[in-house]
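Chain residues, written in single-letter form:
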Amino acid sequence: MKEEKVYLTLQNGRVFEGKRFGARGDVIGELVFTTGMTGYIETLTDPSYYGQIVIQTFPLIGNYGMILADRESKKPYLSAYVVREYCEHPSNFRCEGKLDDYLRENGVIGIYGVDTRELTKTVREAGVMNAVISSKPVTDLSQVRAYAITDAVMRCTCKEVRVYGGEDAARKIVLWDFGAKENIVRELVRRDNRVIRVPAWYTAEQILELQPDGVMLTNGPGDPAENVSIIENIRKLAGKLPIFGICLGHQLFALAMGGKTRKMKYGHRGANQPVKEFKTGTVYISSQNHGYEVLADSIKGVGVLSFVNANDNTCEGVEYPDLNAFTVQFHPEACAGPLDARDLFDKFMAMMDGGKTNA
C-alpha cells in the first residue's frame, strides 16, 4: 500500500504526523485513549465512542483481523482510529478480514505510525481535547475548538423494537437502548430471559405496558445530563420494578434521583480498572469506557455507594435498596475484558425473581 502522509492536530496547536489507513478524508473529533491490550474489535464497534478519535495505547493492532461475531454493534461509531502500528497480515483461525479493509468499508479514518505513547501522555497531562485529522497541516483551529458531541444517544440507539430469546423464557426484560453493547443482550439471553430492546425515546408508560420483570439501562455515548427526557422517564419508572444500570445507565439513574455528574479530565477507558466493593472489600478488575462520573456526595440520602475506583476514588456503583435498583459505572459484560463482575447479572436475576411482588 502506498504510504500517504497525514496530520493529527490538537486544539492546543500541537501536531503529530502519521500515515493513512482505512478511509480517506478529514475529520474533527474528541481525542481519547484506551488502554486495552486486546478487544480492538469491541472498541471499534462500541457506540460509547460516538464522535471520538480513539487512540490505542497498545502498540500493535489488527493482528487477529476482523471477526464479525465479536462486534458490539453492526457498525463502528467512532470518528477515527489512531494506532502505533497496524498489522497488514493478520493470523487467526476466526479471521474474516483485515482491519484496514473494515475501516475503509465503514468510512472510518485511520492513522498509523504515530507516537501513541507521547500522544497519550499529552492527553493525560492536558486532559481530553478536540483534534482534527487532515491531509495538510491546519492553522485555523477555531472549528476544532468549537466541536462538541451532541444528541449522541439518539444517534446511537436502535430505531425499532427488537426481541431476543424464546417466548417461554423465565423472565421478560426491557433493555432500554442508549447505545447498547451487544454483549449485554447476550448475557441476559444466556440467563434464560426474553429481552425486548426498545429505543431511547421510549417513555416510562410504554415500557410499563410491556409488563417486564425488570429494566436494563444500557451504556451509551455523550454527556448524560443532555438527556433530559430520558432522565424524567427513568424517574417515573424508579421503584415500580427492578432496574439495573450500566455505564451511561448508571449516570442517568443517578441524575434521575437528583444526583450530579461531571466530565473527567481524561476518563476511564480500558480493561484494567480496579474497583473496590465496599460490602465485601473485594477488588475487581473491570473494563470501562466513560468520560463522565457520578459525584458520590450528590447521591447521599437516596443511594448507597457500593463500588469505588481504587485508583482515583471515583464512584463506580450505587445501590438504591428502597427502589429495588442498582447501577455500576464499569462493564460486567466486558468482552474482551475481565470476567470478575459477571455475577452482577445473576444479582439482577435474583432481584427480579424475588422482586416481582415487592418492587
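None of the values given here were measured: they were computed from a predicted structure. (Residues numbered from 1 in each chain as written. Predicted model: local features only at pLDDT ≥ 70, side-chain atom pairs only at ≥ 80, totals over all residues. Heavy atoms only, no water.)

A. Representation of the overall build of the protein within the structure. Check the secondary structure of the protein and you find 10 helices and 19 strands. The C-alpha radius of gyration of the protein comes to 20 Å, within 12% of the 21 Å expected for a compact globule of 359 residues. Of all 359 residues assigned to the protein, the portion counted as buried reaches 57%. Within the protein, counting contacts between residues at least 6 apart in sequence, those at least 24 apart form 74% of the total. If you sum the accessible surface of the protein, you get close to 15,000 Å²; carbon and sulfur atoms cover 47% of it. (Helix = DSSP H or I, 4+ residues; strand = E, 2+ residues; numbered from the N terminus. Rg over C-alpha atoms; globule rule 2.2 N^0.38 Å. Buried < 20%, exposed > 50% of the residue type's maximum accessible area, 1.4 Å probe, protein only. Contact = heavy atoms within 4.5 Å. Areas by Shrake-Rupley, 256 points an atom, 1.4 Å probe, with all protein chains shown as cover.)

B. Summary view of helix α3 (residues 116–126). Taken together, the buried positions of α3 are occupied by T116, L119, T120, T122 and V123. End-on view of α3: buried residues confined to an arc of 155°, all on one side of the axis. Away from its buried face, by an angle of more than 90 degrees, α3 presents the exposed residues R117 and E125. Downstream of α3 by one or two residues, G127 has phi in the positive range, about 95°. (Arc of directions from axis to C-beta.)

C. Summary view of the nonpolar core. Among the nonpolar cores identified, the biggest contains 33 residues, and W176, F178, V215, F253 and Y320 are the most heavily contacted of them. Secondary-structure elements contributing two or more residues to this core are β11 (171–176), β12 (193–198), α7 (204–209), β13 (214–217), α8 (228–237), α9 (248–256) and β18 (315–320). Counting residues per element, this core draws most heavily on α9, which supplies six residues. L175, F244, F326 and M349 belong to the second-largest nonpolar core, a separate cluster that totals 24 residues. (Core = buried A, V, L, I, M, F, W, Y, C linked by side-chain atoms within 4.5 Å.)

D. Here's a closer look at the UniProt feature "domain: Carbamoyl-phosphate synthase small subunit N-terminal" (unreviewed entry) in the protein. Within the UniProt annotation, "domain: Carbamoyl-phosphate synthase small subunit N-terminal" (unreviewed entry) is assigned to residues 4–134. With 18% helix and 34% strand, residues 4–134 has end C-alpha atoms that lie 11 Å from one another. (UniProt positions renumbered as here; feature names shortened; annotations may be inferred.)

E. Molecular detail of the pattern of salt bridges. Using the criterion set out here, one finds 22 salt bridges in the structure. A salt bridge links E4 to R20; the shortest N-O distance between them is 3.3 Å. Of the two residues, E4 sits in the segment before β1 (5–10) while R20 sits in strand β2 (residues 15–22), which places them 16 residues apart along the sequence. The partly exposed category is assigned to E4, whose relative accessible area is 29%. (Salt bridge = Lys/Arg side-chain N within 4 Å of Asp/Glu carboxyl O.)

F. Spatial organisation of the pairing of strand β19 (residues 325–328). Of the two faces of β19, the one carrying A325 and T327 and the one carrying F326 and V328 are both buried. Inspection of the sheet shows strand β14 (residues 243–246) paired to β19 by four bridges, in the parallel sense. From the neighbouring strand, F244 faces β19, where its bridge partner is F326. Adjacent in sequence and paired antiparallel, β18 and β19 are bridged by four residues, among which N324 carries a positive phi angle near 55°. (Pairing = 2+ DSSP bridges.)

G. Structural context of the sheet that holds strand β3 (residues 27–34). Sheet architecture is closed into a barrel: seven strands sit in the order β1-β2-β8-β6-β4-β3-β9, paired in mixed fashion. Neighbour-to-neighbour, the strand axes of the sheet open up by a mean angle of 35°, direction not taken into account. Bridging between β1 and β2 involves five bridges; their strand directions are antiparallel. Within β2, the position partnered with V6 by the bridge is G18. (Axes fitted to C-alpha atoms, helices over the stretch in contact; angles between N-to-C directions.)

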